[in-house]
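Reading the structure
Here is what each chain is made of, one letter per residue.
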Amino acid sequence: MATRNVVLTPHQEQVIQDLVQSGRYQNASEVMREGLRLLEQRVAEDLAKIEALRQATSIGIMDLEHGRFTQLNEGDLEHYLEALSLEATLPARDKH
C-alpha cells in the first residue's frame, strides 16, 4: 500500500485518536480509509443528484417548448398546490 504524509489539525488528530480508543477502528489508517470511503460515496451521490437535476431540467424545458405547463396568476399558487395535494390523496377511483 502507498504511504502518504498527511498534515492534520489538532481537532482532526483528536477525532482519530478518539475513534481508535473507542475500539471501533484498530488504528489511524483504518479511520483515514473509512473517511475516504465516505467521501467517495458522497461524491458519487452528488454526481447522481446532479445528473437527476440535469434530466429533470431537460424534461422541464421540453414540456415548456411543447406547451405542457399551467400558467398561474399572482396569488394562485397556494390554491393550485392545495388542489394538487387533494388530488394526490384521493383514491384512484375518485380521480375521474
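Not measured: the values here are computed from a predicted model.

1. Focus: the environment of Asp-46
Structurally, Asp-46 is set in helix 2 (residues 28-65). For the pair formed by Asp-46 and Val-6, sequence separation is 40 residues and the distance between their alpha carbons is 25 Å.

2. A short note on helix 1 (residues 10-21)
Over its twelve residues, helix 1 runs 16 Å from end to end, which matches the ideal 16 Å to within 8%, given 1.5 Å per residue. Backbone geometry just downstream of helix 1 places Gly-23 in the positive-phi region, at approximately 90°.

3. Points about helix 2
In this model helix 2 runs 55 Å from its N-terminal to its C-terminal C-alpha over 38 residues, within 8% of the 56 Å that 1.5 Å per residue would give. Positioned one or two residues after helix 2, Gly-67 has a phi angle of 75°, which is positive.

Scoring rules and cut-offs
Residues numbered from 1 in each chain as written. Predicted model: local features only at pLDDT ≥ 70, side-chain atom pairs only at ≥ 80, totals over all residues. Heavy atoms only, no water. Helix = DSSP H or I, 4+ residues; strand = E, 2+ residues; numbered from the N terminus. Expected span 1.5 Å × (residues − 1).

Function cannot be inferred from these measures alone, as they are strictly geometric.
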